[in-house]
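Coordinates in review
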Amino acid sequence: MTTHLLLLPMALLTFARPGNMPDFRANFPNLVQGPEGKEIIEYHPNGHVFKRYFLNNAEQINGPYETYYDNGLVNLVANYVCGAVQGASKEFYPSGALHISSYYENNLLTGEWEAFYESGQLQYSGQYRNGRRTGEWLAYHQNKQLLSKGKYKNDLQEGNWIFYHDNGAVKQKGKYEMGLATGTWQSYHPNEKIREEGNFMDGLKQGPWQYFHPNGSQKLKTNFQAGKPHGEALAYDDQGRLLEKAYYENGTKQGQHLFFDPEGKVVKTEWYSNGALQ
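Another aspect to go through is the overall build of the protein chain. Looking only at helices and strands, one finds 0 helices and 26 strands in the protein chain. At a minimum sequence separation of 6, the contacts of the protein chain that also span at least 24 residues come to 16%. For the protein chain, the exposed surface amounts to about 15,600 Å²; the carbon and sulfur share of it is 49%.

Listed below in structure tokens is the structure:
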């Protein structure tokens, strides 16, 4: 997940260039000695403020730090202490709606972190410790249904995770170890019928995997070796009739590939060598 630097609600603040302001202010910062030190103001080409912050005597950003969209609305509000981000930080959409809310200690994300859809609906919620995700994290669909639920440890997914369709039905579930999928994983169609099932090893599909149509009938049976198809693969229609039979070696088609009609008769045969049709 991408980490953002965020801000305080200042969506009503707009800064426009006075009518007689020279155009050079759009390209060069305005320097003012302020209470926090030397104030820096940079402008968009249209005259709206782009950035506003302060430098201390060591030329480090110190105090309030604000950035703005070229429509005059706030993009980012944060606070610096001697060049490091400290305290509450918020980021906004160009519309003025809150996008991300976070907290920093010594330039590192810490504590509660939240991201929102532009509608205001919560999108992600979790905790940081020393700049790394930790504990339970939740994600939501725009319709407020839960999208995913699981834990992080040292910024890596850990333990059981569940993912959901926007109708509330389980979409996928399985386990992570140090950020890598492991053990048995299952995924489901929106109608709660199983969609696929198999095992992961070190984040890669391994061994037999089965895939199913929305009506529950088998769609595909195959095997994986280190994440690549390996061995026999059988494909079926939603009535359970065999459609295709093929073979793979380390993800590459090899040998005979058969196609069947609804009565089970072979209607086409292809031959492959190292993935190339012969």
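Before going further, it helps to spend a moment on the environment of Glu249. The residue Glu249 is located in strand β22 (residues 242–249) in this model. Separated by 17 residues in sequence, Glu249 and Glu232 place their C-alpha atoms 9.2 Å apart. Beyond its immediate sequence surroundings of up to four residues, Glu249 is in contact with Pro229, His230 and Gln254.

Glancing now at unusual backbone geometry. A positive phi angle is found at Lys144, which is not glycine, with a value near 80°. Take Lys144: it is sitting in the loop between β12 (132–140) and β13 (146–153).

Our focus in this paragraph is the packing of aromatic side chains. Using the criterion set out here, one finds 14 aromatic pairs in the structure. Look at Trp137 and Tyr152: their rings are 5.8 Å apart centre to centre, the planes differ by 70°, and that puts the pair in the edge-to-face class. Taken together, the positions of Trp137 in strand β12 and Tyr152 in strand β13 put the pair 15 residues apart, joining distant regions of the chain. For the residue pair Trp137 and Tyr152, the accessibility class agrees, reading buried in each case. Between Tyr152 and Trp161, the aromatic rings sit 5.4 Å apart at their centres with planes inclined by 90°, giving edge-to-face as the arrangement. Each residue in the set Trp113, Tyr128, Trp137, Tyr152, Trp161, Phe163, Tyr176, Trp185, Phe200, Trp209, Tyr211 and Phe224 is aromatic and connected to the rest through ring pairs, giving one cluster.

Let's shift gears to the pattern of salt bridges. For the coordinates displayed, the defined rule picks out 8 salt bridges. Here Glu196 makes a salt bridge to Lys205, at a shortest N to O gap of 3.5 Å. Note that Asp237 and Arg241 form a salt bridge whose closest N and O atoms lie 2.8 Å from each other. With relative accessibility at 13%, the residue Asp237 sits in the buried group. On the basis of relative accessibility, which here comes to 37%, the residue Arg241 falls in the partly exposed class. Salt bridges linked by common partners bring Glu39, Arg52 and Glu66 together as one network.

Moving on to the nonpolar core. By size, the foremost hydrophobic cluster in this structure holds 25 residues, and its most contacted members are Trp113, Tyr176, Trp185 and Trp209. Looking at this core, the elements with two or more residues in it are β3 (49–55), β5 (74–81), β8 (98–105), β10 (111–116), β14 (156–164), β16 (180–188) and β18 (204–212). Of all the elements, β5 adds the most residues to this core, at 3 residues. Beyond its immediate sequence surroundings of up to four residues, Trp209 is in contact with Trp185, Glu196, Glu197, Gly198, Asn199, Phe200, Leu220, Lys221, Thr222 and Phe224. Among the nonpolar cores identified, the runner-up in size contains 7 residues, and Val49, Tyr68, Val77 and Phe92 belong to it.

This part covers the environment of Met178. Looking at the element boundaries, Met178 is found in the loop between β15 (170–177) and β16. Met178 gets classed as exposed once you look at its relative accessible area, which sits at 66%. Linking Met178 and Gly159, residues 19 residues apart in sequence, is a C-alpha distance of 8.7 Å.

Looking at chain direction, strand β2 (residues 37–43) and β3 are connected through 6 bridges and run antiparallel. Pairing of Glu42 across the sheet is with Lys51, part of β3. Linking two consecutive strands that pair antiparallel, namely β2 and β3, is a turn of 5 residues; a positive phi of about 100° is found at Gly47 within it. The sheet contact formed by β3 and strand β4 (residues 63–68) spans 2 bridges and is antiparallel. Opposite Arg52, over in β4, you have Glu66 as the bridge partner.

What counts and how
- Residues numbered from 1 in each chain as written.
- Predicted model: local features only at pLDDT ≥ 70, side-chain atom pairs only at ≥ 80, totals over all residues.
- Heavy atoms only, no water.
- Helix = DSSP H or I, 4+ residues; strand = E, 2+ residues; numbered from the N terminus.
- Contact = heavy atoms within 4.5 Å.
- Areas by Shrake-Rupley, 256 points an atom, 1.4 Å probe, with all protein chains shown as cover.
- Phe/Tyr/Trp six-rings, centres within 6.5 Å; stacked < 30°, edge-to-face > 60°.
- Buried < 20%, exposed > 50% of the residue type's maximum accessible area, 1.4 Å probe, protein only.
- Salt bridge = Lys/Arg side-chain N within 4 Å of Asp/Glu carboxyl O.
- Core = buried A, V, L, I, M, F, W, Y, C linked by side-chain atoms within 4.5 Å.
- Pairing = 2+ DSSP bridges.

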